Amino acid sequence: MMVSPNGAVSGIVRDFLELVSQQFGCTFELLVVPRARAFVMLASGEIDIVPSVNRTELRDQTGKFVDVYDKRPMLIALKGPQASSVPDLLRGTTSIGVVRGYDYGQAYTALLDARS
């Protein structure tokens, strides 16, 4: 999802929601808020959907996860030892850059905890 300086939303999320609107006759109001606030709003009932999220135990307590496509996080290494698994990452000295505040699930969080 991309948001232009004037607040216009574009990208696959908008395209997908427009397709759903056309096929089922429902409408969506797109609100642009920080991701953390979106989850608070979902938990309080202020909004109904947070698109493009990964399933976590905490999020399962708030709502239902609908898997609309299959993706998995990838790792691109520019230098350092080859790592083809989580144990390889834990044994190595490779630096890992992560997006703060983004939760890819329990295994991802455990990896970050082990590396910090």
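Since the model is a prediction, treat every value here as computed from it, not as a measurement.

Reading the values: the criteria
Residues numbered from 1 in each chain as written. Predicted model: local features only at pLDDT ≥ 70, side-chain atom pairs only at ≥ 80, totals over all residues. Heavy atoms only, no water. Helix = DSSP H or I, 4+ residues; strand = E, 2+ residues; numbered from the N terminus. Buried < 20%, exposed > 50% of the residue type's maximum accessible area, 1.4 Å probe, protein only. Areas by Shrake-Rupley, 256 points an atom, 1.4 Å probe, with all protein chains shown as cover. Contact = heavy atoms within 4.5 Å. pLDDT = per-residue confidence, 0-100. Arc of directions from axis to C-beta. Patch = residues over 30% accessible without salt bridge, like charges linked within 9 Å, V, L, I, M, F, W, Y side chains within 5 Å. Salt bridge = Lys/Arg side-chain N within 4 Å of Asp/Glu carboxyl O. Core = buried A, V, L, I, M, F, W, Y, C linked by side-chain atoms within 4.5 Å.

Q: Sorry if this is basic, but what is going on with the overall build of the chain here?
A: Regarding its fold elements, the chain presents five helices and two strands. Residue burial in the chain is summarised as follows: out of 116 residues, 17% are buried. For the chain, the accessible surface area stands at approximately 9500 Å², while carbon and sulfur atoms represent 55% of it.

Q: Would you mind going over the environment of V50 with me for this structure?
A: For V50, the position within the fold is in the loop between α2 (35–44) and α3 (57–60). Note: C-alpha distance between V50 and L31 (19 residues apart in sequence) is 9.9 Å. For V50, the contacting residues outside a window of four places in its chain are R35, A38, F39 and L42.

Q: How should I be thinking about the confidence of the model for the chain in this particular structure?
A: Atomic detail in the predicted coordinates should be set aside for any region of low pLDDT. Summary statistics for the chain give a mean pLDDT of 79 and a share of 78% for residues scoring 70 or more. Per-element averaging of pLDDT across the chain places helix α4 (residues 86–91) at the bottom with 72 and helix α1 (residues 12–24) at the top with 90.

Q: I would appreciate a short explanation of α2 in the present structure.
A: Three or four residues apart is the spacing at which side chains of an α-helix point the same way, because the helix has 3.6 residues per turn. Every buried residue belonging to α2 is among A38, F39 and M41, and all of these are buried. With its buried residues spanning 160° around the axis, α2 presents them on a single face. Exposed and oriented more than 90 degrees from the buried face of α2 are A36, V40 and A43. Among the structural elements, α3 are those in contact with the buried residues of α2.

Q: Would you mind going over a nonpolar patch on the surface with me for this structure?
A: A cluster of nonpolar side chains, namely M1, V3 and V32, defines an oily patch on the protein surface of about 270 Å² accessible area. Secondary-structure assignment places M1 in the segment before β1 (2–3). For M1, a relative accessible area of 54% translates into the label exposed.

Q: When you look at the pattern of salt bridges in this model, what are you seeing that I'm missing?
A: Two side chains bearing opposite charge may form a pair once their charged atoms approach each other closely. Scanning all chains against the criterion turns up one salt bridge. Across the salt bridge formed by R14 and E18, the nearest N and O atoms sit 2.9 Å from each other. Of the two residues, R14 and E18 both sit in helix α1, four residues apart, roughly one turn of that helix. Residue R14 is classed as partly exposed on the basis of its relative accessible area, which comes to 34%.

Q: What is the right way to look at the nonpolar core in this model?
A: What tends to happen in soluble globular proteins is that the nonpolar side chains get buried as a cluster. In this structure, A38, F39, M41, I47, V50 and V53 together form the largest nonpolar core, which totals six residues. With residues near it in sequence (within four places) discarded, I47 still touches L31, A38, M41 and L42.

Q: Just to check I follow, could you spell out the environment of I47 for this structure?
A: Summarising the element assignment, I47 is placed in the loop between α2 and α3. Taking relative accessible area as the criterion, I47 reaches 14% and is therefore assigned buried. Along the backbone, I47 and L31 are 16 residues apart, and their C-alpha atoms lie at a distance of 8.9 Å.

Q: What's the story with the side chain of R59 in this structure? I'm lost.
A: Inspection of the secondary structure assignment puts R59 in helix α3. For R59, a relative accessible area of 16% translates into the label buried. Once residues within four sequence positions are removed from consideration, R59 is found in contact with F39, V53, N54 and D103.

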